[in-house]
Amino acid sequence: MTVIACDFGGTRIKVGLVRSGYVLRQLAIDARSSRPLVERLAEVAAAVQQLCESAAIRPRDCNGVGISFPSIIDPDGRVLGEFGKYGPVAAEDFTRWTESSWSLPAVIENDARLALIGEKVAGAATGHDNAVMITLGTGIGTAALVQGELLVGIHGQAAILGGHQTVVVGGRQCVCGNRGCAETEASSSALPRILAAMGRSDLSTLAPQYEDVFKAAASGDECAAAVVARSLAVWGTVAVNLVHAYDPSIVVLGGGVMRSRDIILPAIAEYVTKHAHTPWGNVTVVASQLGDAAALVGAEWLVDQRLSLKA
Ligand SMILES: [Zn+2]
């Protein structure tokens, strides 16, 4: 089976050709996710075309297109609650696009779920039937695998709203309508507001990155160190809450913010060991092995699962 995989992130759109859990080729383009999705699809199609040519594979010889999207996807494949990324999106936008471009069917699933499946198939969660994923990026995505089954829920939102757990009662207003969500207290999208509120917009370029804040903290900037300490505590809290909710044996941490994994991984592992109530033993906390490719690998599983079942 060869699958075209498209991962629509908040910052970049990654496309790949995936076969047997292995990404043959991949490339990324700027997401410009403040623009409507339909305006981005022509450029994504061109990227797919380029990949296929470089791999000498004809798109129409692929088995389908697996789409990873940062939103709630219900069990019927409908896109719900896009949280301001890519404007209003319907699943039909994707199916029309893949059918008219390559005569291929499309299937769509939440991005953190596919990242978790990718790590289960060929990465850090191999051999684990009970696992949770946390992706720290533009936002915070989560997903859970319980006794080998990916949790989806009746409306499609089971386990994926870990970034919208309340971690601060009466905290900052979040795009989801709640206050004090993890994502609005500590994520790349929240960073400009967090830095501005501390009077440290100087740490904030047009697109401030956690990497810059980690670096400033390491060189003795007390304000940056405070942001780092608070962010690590928020992410640790998310991990503990997921452990309490889903009983995993492993927690996998992924997403672009994990470029600073040397700092984040030991801090969250320590936080979980200290705070999670797991009388059966210790939860393993690891970094993603597949990185950007995790959701692409998961997209192959999605096409195999959903389209093979239909065939
Ligand atoms: Zn929220």
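Refer to the structure printed above.
Residues numbered from 1 in each chain as written. Predicted model: local features only at pLDDT ≥ 70, side-chain atom pairs only at ≥ 80, totals over all residues. Heavy atoms only, no water.

Undergrad: Can you break down the packing of helix 1 (residues 37–55) against helix 2 (residues 91–102) residue by residue, with the values?
TA: A pair of packed helices is captured by two measures, namely the crossing angle of their axes and the spacing between those axes. At a minimum axis separation of 11 Å, helix 1 and helix 2 run at an interaxial angle of 40°. With respect to the hand of their crossing, helix 1 and helix 2 are arranged in right-handed fashion. Side by side, helix 1 and helix 2 meet where L37, V38, L41, V44, A45, V48 and Q49 of the first sit next to D93, F94, W97 and W102 of the second. In the contact of helix 1 with helix 2, the residues fall into nine nonpolar, one polar and one charged. (Axes fitted to C-alpha atoms, helices over the stretch in contact; angles between N-to-C directions. Helix = DSSP H or I, 4+ residues; strand = E, 2+ residues; numbered from the N terminus. Left-handed = near helix turned anticlockwise from the far one by under 90°. Contact = heavy atoms within 4.5 Å. Nonpolar A, V, L, I, M, F, W, Y, C, P; charged D, E, K, R; others polar.)

Undergrad: Describe the environment of I67, and please don't skip the residues or the numbers.
TA: As for its position among the elements, I67 is in strand 4 (residues 64–69). Looking at I67, the relative accessible area reads 0%, which means it is buried. Along the chain, I67 and G148 lie 81 residues apart, while their C-alpha atoms are 22 Å from each other. Not counting the four nearest positions on each side in its chain, I67 is found in contact with C6, F8, F94, W97, A106, V107, I108, E109, L114 and L302. (Buried < 20%, exposed > 50% of the residue type's maximum accessible area, 1.4 Å probe, protein only.)

Undergrad: Give me the pairing of strand 12 (residues 284–287): which residues, what numbers.
TA: Alternating residues of strand 12 divide into V285 and A287, all buried, and T284 and V286, none buried. Relative to strand 12, strand 11 (residues 250–254) runs parallel, the two being bridged by four bridges. The residue bridging L253 from the neighbouring strand is A287, located in strand 12. Chirality of the crossover, the property in question, places the unit of strand 11, helix 8 (residues 261–275) and strand 12 among those that are right-handed. (Pairing = 2+ DSSP bridges. Right-handed = clockwise from strand over helix to strand, strands pointing away.)

Undergrad: Account for the side chain of T142, with residues named and values stated.
TA: Tracing the backbone through its elements, the reader meets T142 in strand 9 (residues 140–146). At 2.5 Å, the side chain of T142 forms a polar contact with the backbone oxygen of A159. A polar contact of 3.5 Å, which involves the side chain of T142, links it to the backbone oxygen of I160. Setting aside residues no more than four positions away along its own chain, T142 makes contact with N110, A112, M133, I134, A159, I160, L161, G162, G163, V238 and L242. (Polar contact = N/O pair within 3.5 Å; in protein donor to acceptor, adjacent residues only side chain to side chain.)

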